[in-house]
Amino acid sequence: MLRPAQVNLRGLHPLLRAEIKWGMFAYTQKAHGRWELVTWQGLANFAREHGLRSLTDTGPEEERLLQKAVSREAVHIIRAVTDWLHPLYVTPIETRELGYILTEHFGRKLTGRSTHMDLTGVSQRWLRDLIWDHLVAILRSPSCPRSGGTFDDMRRAGLELSTFLELQAPAGGHDPRALTADHMHQFVADQRQRERDGLVSLAARGVHGKPSIVTANTRQRVFHRTRRLLRGALESGEAERLGLDRAFIAAMPAPGRMISRSRQPFSDDVARALADETNLSRLAETHDTFDRGLRDAWETILVTGRRCGEVLQLRLDCLGRYGGLPMLWHDQTKVGNYDQALRIPERVHQLLGVRQQKTLTLFEARNNRPPTAEERAHMALFPTNIRNRDGRRPLSYKWFHKGFKPWIDDLDIGRGVPHQARHSLATSLLRAGATLTHVRRYLGHVSERMAEHYIHLTQSDLEDVLQHLWVAGPGTAKPGELLTEPATPLTREQAQAIAVDLSRRSTPAEGGFCTFQPVVDGDACPWNLDCHNCDKFVLSGADLLYWRRKREQWRLLAEGAPDDTTADYLHRYFEPTARAIDGLEKALAGLGLLDDALALDLRKPQDYFERIWSTAFRAADLADAGSEGADDMAGQVA
């Protein structure tokens, strides 16, 4: 007897009944759509009529009959539930015998990958077992990677070596005791020749099953993973147990220097095309017909320099105002920085605010009610429309690229990827005089080494800026004067000695840089770090806002002085610094970099340079302390 909102499981085998119950429960824990109960009931009736004892008993013939008797959705349900149950029905040892790995056995789920890792393409049992043990050790380690690159590289290396041994080694390489150093030398030579001549791989396949071309990158990865695998077997004693010749292992050379090419920033023409209003409108109208937020996401990437994944994974409540400043909160999951605050322009704040309302409207249309506070806290700003009733799942990079790439092709501006916007922003920061420390902190890199590859992107640009941008500090005879004239530009070596992060051979100071070479080389400062009164101290465009605020601070102090004498003293004391600031502004304006230098403050909260501004100075203190006290305080503020 059938009842509403119920599924009748009477008469089914206990195991099958338990599988259906567990499958229904497991599906409710996933952020998907829904399976109709009528389909479940039809599946139960079919199993009862055909005497099935488990969902795993269904083969191609049963699936064909089930699709005809119930629906195609019923076949999909059986396949999904049996896939979920598979880790419960086999042990890791059994998967080792069968030649595959289930990452769920080790509590792992690689990003964007199936839990099933197939190794059956490696025909030699001894080699397949070595690869299985090696990959399982990685899965069990606390430093297991989140992505599948490591596992793909090892699988490719195993397939390449296995196929070569099957063709060239005695007995197809199935007896490890028959392998010698000559076989490994032949394998190495074969890989290098394929790299040199651009030949296809022995076993690896690319998209749609097409043979993969051996490149310098793939060859290096094969060498690297094969070497780690075999040397690991040698250290663990497994090679000795297998009878694998030590010379065979030692013959695998080191991969050599890994080739790493950093992306180039967008050129000026390309950047203008990608930010053009007409082109952006075409991006939204042609490649995002359902208005999922493709244009909004791209504009946010372009302005903030965030990674594409960081923008797509923004939470609904990612916007805020603090002290009237528009802020964006995001997670830098790649480097483990969560809830990071980023100051954004007002236009981007308004843009994302409109997207918030569209996302809320979409939720209400799907659920006929507004989200609760708990639901809102977990909603995505850019939710996918595929089985995402609660709005938690964000759009994927694959979806973004599917619309972005044809848009780039339509513009006919050459090849480009969203990540180049990040490089372009770093280029702008460097042109404005920012150091690697500034770039690293703003872009969210773990170390300055990760940010160093941005330097070569603007080498010519940066050298031009260095030749004209630096001005003399307040302690020199002519504060604010350009360090060099166009007729006598700085040499490359001198420019690198001034730029703190280019060669790590210079010394940063508060509000500028020290160019005194003994200090640059590591000696102690002979003037006790009195930088602002030193003629070796220079100002840069990256410190313009620092000195502007310093000037405003002194102006407030002078205006609040108890008498004209104290005010005149403060004006005279700060006059060299004011001249240096004026000279810096003129230099930046003459090069067309003044707006870029001021824009640094728009790309970071007010603590961008990690300098705390204190205005807790009272003119009464100067009056009480007398002229000697005024001198001391003036020296501290300067």
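Here the structure is shown first, and the text comes after it.
Let me sum up the structure you'll find in this document. Not measured: the values here are computed from a predicted model.

Describing the packing of helix α2 (residues 37-50) against helix α4 (residues 72-89)
Part 1 of the reasoning: Relative orientation of the contacting elements α2 and α4 amounts to 80°, with a least axis distance of 9 Å. What the angle tells us is that α2 and α4 run roughly perpendicular. On α4, the residues touching Thr 39, Trp 40 and Leu 43 of α2 are Glu 73, Ala 74, Ile 77, Ile 78 and Val 81.
Part 2 of the reasoning: A per-class count over the contact of α2 with α4 returns six nonpolar, one polar and one charged.

Things to note about unusual backbone geometry
Part 1 of the reasoning: A positive phi angle is found at Asp 291, which is not glycine, with a value near 55°.
Part 2 of the reasoning: One can find Asp 291 in the loop between α13 (277-287) and α14 (294-304).
Part 3 of the reasoning: Look at Asp 291 and you get partly exposed, because its relative accessible area is 36%.
Part 4 of the reasoning: Not every positive phi belongs to a glycine, and Asp 412 is a case in point at roughly 55°.

Re the pairing of strand β6 (residues 325-332)
Part 1 of the reasoning: Burial analysis of β6 places six of its eight residues in the buried class, which makes it a mostly covered element.
Part 2 of the reasoning: Of the strand pairs in this sheet, strand β5 (residues 319-322) and β6 are connected by four bridges, and their pairing is antiparallel. In the strand pairing of β6, Arg 321 is matched with Pro 326.
Part 3 of the reasoning: Taking the residues that link successive antiparallel strands as the turn, the β5-β6 hairpin has two residues, and the phi of Gly 323 there is positive, at about 65°.
Part 4 of the reasoning: Where β6 and strand β7 (residues 337-343) come together, five bridges link them in antiparallel fashion. What sits directly across from Leu 328, in β7, is Leu 342.

Overview of the sheet that holds β6
Part 1 of the reasoning: The strand order across the open sheet built from three strands is β5-β6-β7, with neighbouring strands paired in antiparallel fashion. Edge strands, defined here as strands with exactly one partner in the open sheet, are β5 and β7. Adjacent strand axes in the sheet meet at a mean angle of 35°, parallel and antiparallel pairs treated alike.
Part 2 of the reasoning: Packing of helix α16 (residues 346-367) onto the sheet brings it into contact with β5 and β6, and relative to β5 it is tilted by some 135°.

Definitions and cut-offs
- Residues numbered from 1 in each chain as written.
- Predicted model: local features only at pLDDT ≥ 70, side-chain atom pairs only at ≥ 80, totals over all residues.
- Heavy atoms only, no water.
- Axes fitted to C-alpha atoms, helices over the stretch in contact; angles between N-to-C directions.
- Helix = DSSP H or I, 4+ residues; strand = E, 2+ residues; numbered from the N terminus.
- Parallel < 35°, antiparallel > 145°, perpendicular 65-115°, else oblique.
- Contact = heavy atoms within 4.5 Å.
- Nonpolar A, V, L, I, M, F, W, Y, C, P; charged D, E, K, R; others polar.
- Buried < 20%, exposed > 50% of the residue type's maximum accessible area, 1.4 Å probe, protein only.
- Pairing = 2+ DSSP bridges.

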